[in-house]
Amino acid sequence: MRQGLLIDMDGVIYSGEELIFGADKFIKKLTDDGIPFTFMTNNSQRTSLEVIRKLKGLGIKVDKSHVYTSAMATAKFLSDQSPNGTAYVLGEGGLLSSLHEHGITLVNTDPEYVVLGEGRNFTLEMVQRAVDMILAGAKFITTNRDPSPKKPGWNNLGIAATTAMIEEATGIKAFVTGKPSPVMMRSARKFLGLETSETTVIGDTMETDIQGGVQMGYKTILVLSGIAKKETLGHYAFKPDMITSSVDEIKFPLTWWNTKK
Ligand SMILES: [Mg+2]
């Protein structure tokens, strides 16, 4: 039986601009041993090529088959729901190019969808326009609901904040496509060509990676090199199958991998 991995990036592979110890060796081992994997990130800002370039700068060599973003999940979802649909986008390159590649037309008036992603280059005037479009009937999609890390100097506001602003102004709740939404959890698995029983998620965040994985019936590994803290794990109604300090500690084959078949 094949077994493969969906791997979160921030807090697992790197922290901001710094490599997490052993992450480069870990990915090299996966590549050398032919273990299928893809990175699965909620950040919709970067294109696959930009993600690949960032990883290369940290000494990790991967190609486009190893990168799956919430922008890609969102674009696939919209093209399935409404082939050749239209969208007004508050977001950056990764989201714009994914939507375009999936045949969604980007418009400035009367869109079918308003799509929100991470970004620093949209204005309050654009947000206001999006609010008016939603009030006029456009469907509101947000690529994820990740909270702000609440650290000075972070590269964006945290999309939970911008989503909340638009929800408050419209009275309409966004539909979330990124982790832990099954939209992304399922399409990432399919992107990698795995079955449910063949899929393990590795992540640092209980509310996204682990919750999403548990809900889909995937195996899950929580690493403590990012957001999750050991002391708070007891508060959650779900738990990961394994907890490690970082990817450096993960040994193969995983105990639940049936290597006989
Ligand atoms: Mg993370």
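The coordinates are above.
Since the model is a prediction, treat every value here as computed from it, not as a measurement.

A. Layout of the overall build of the protein. Helices and strands together make up the secondary structure of the protein, namely eight helices and 13 strands. On C-alpha atoms alone, the protein measures out to a radius of gyration of 18 Å, which is about the 18 Å that the 2.2 N^0.38 rule sets for 261 residues. Structurally, the protein occupies a C-alpha span of about 55 × 35 × 35 Å along its principal axes. Taking all 261 residues of the protein together, 52% fall into the buried category. In the protein, of all internal contacts separated by at least 6 residues, the share reaching a separation of at least 24 is 68%.

B. Inspection of the packing of helix H3 (residues 70–81) against helix H4 (residues 93–101) at higher detail. The interhelical angle for the contact between H3 and H4, taken along N-to-C directions, is 30°, at an axis separation of 8 Å. It follows from the interaxial angle that H3 and H4 lie roughly parallel. You can see that H3 and H4 cross each other, and the crossing is right-handed. Contacts between H3 and H4 pair Ala71, Met72, Ala75 and Leu78 from the former with Gly94, Leu95, Ser98 and Leu99 from the latter. Of the residues assigned to the contact of H3 with H4, the class counts are six nonpolar, two polar and no charged.

C. Main features of the coordination of the magnesium ion. Within the protein, the atoms that donate to the magnesium ion are Asp8 (OD), Asp10 (O) and Asp204 (OD), at distances of 2.0 to 2.2 Å. Between the donor residues of the magnesium ion, the gaps in sequence give the motif D-x1-D-x193-D. Here the residue Asp8 occupies a position in the loop between strand S1 (4–7) and strand S2 (14–15), and Asp204 occupies one in the loop between strand S11 (199–203) and helix H8 (206–216), the gap between them amounting to 196 residues. Residues Asp8 and Asp204 agree in their burial class; the two are buried.

D. Representation of the sheet that holds strand S5 (residues 67–69) in the model. Strand order in the open sheet made by the six strands is S5-S4-S1-S11-S12-S13, with parallel pairing throughout. The open sheet has two free edges, formed respectively by S5 and strand S13 (242–244), since each of these has just one partner strand. For this sheet, the mean inter-axis angle between neighbouring strands, taken without regard to orientation, is 25°. In the sheet, S11 pairs with strand S12 (residues 219–223) via four bridges, with the strands oriented parallel. Its bridge partner being in S12, Thr200 is matched across the sheet by Lys219.

E. Expanded view of the environment of Asp248. Tracing the chain through its elements places Asp248 in the segment after S13. Accessibility expressed as a relative area gives 22% for Asp248, which makes it partly exposed. Distance in space between the C-alpha atoms of Asp248 and Ala130 is 44 Å, their sequence separation being 118 residues.

F. Representation of the sheet that holds strand S8 (residues 113–116) within the structure. In spatial order, the strands read S7-S6-S8-S9-S10; together these five strands make up an open sheet with parallel pairing. Each edge of the sheet is formed by a strand with only one pairing partner; in this case those strands are strand S7 (105–106) and strand S10 (175–176). By the bridge criterion, four bridges tie S8 to strand S9 (residues 139–142) in an arrangement that is parallel. For Leu116, the partnering residue across the bridge sits in S9 and is Thr142. Each of S8, S9 and S10 touches H3; the most contacted strand, S8, lies at about 170° to it. Against the sheet, H4 engages strand S6 (86–90), S7 and S8, with an angle of about 170° to S6.

Reading the values: rules and limits
- Residues numbered from 1 in each chain as written.
- Predicted model: local features only at pLDDT ≥ 70, side-chain atom pairs only at ≥ 80, totals over all residues.
- Heavy atoms only, no water.
- Helix = DSSP H or I, 4+ residues; strand = E, 2+ residues; numbered from the N terminus.
- Rg over C-alpha atoms; globule rule 2.2 N^0.38 Å.
- Buried < 20%, exposed > 50% of the residue type's maximum accessible area, 1.4 Å probe, protein only.
- Contact = heavy atoms within 4.5 Å.
- Axes fitted to C-alpha atoms, helices over the stretch in contact; angles between N-to-C directions.
- Parallel < 35°, antiparallel > 145°, perpendicular 65-115°, else oblique.
- Left-handed = near helix turned anticlockwise from the far one by under 90°.
- Nonpolar A, V, L, I, M, F, W, Y, C, P; charged D, E, K, R; others polar.
- Donors = N, O, S within 2.8 Å, 3.2 Å for Na, K, Ca; no water.
- Pairing = 2+ DSSP bridges.

So, to be careful, I would describe these as geometric facts and stop short of saying anything about function.
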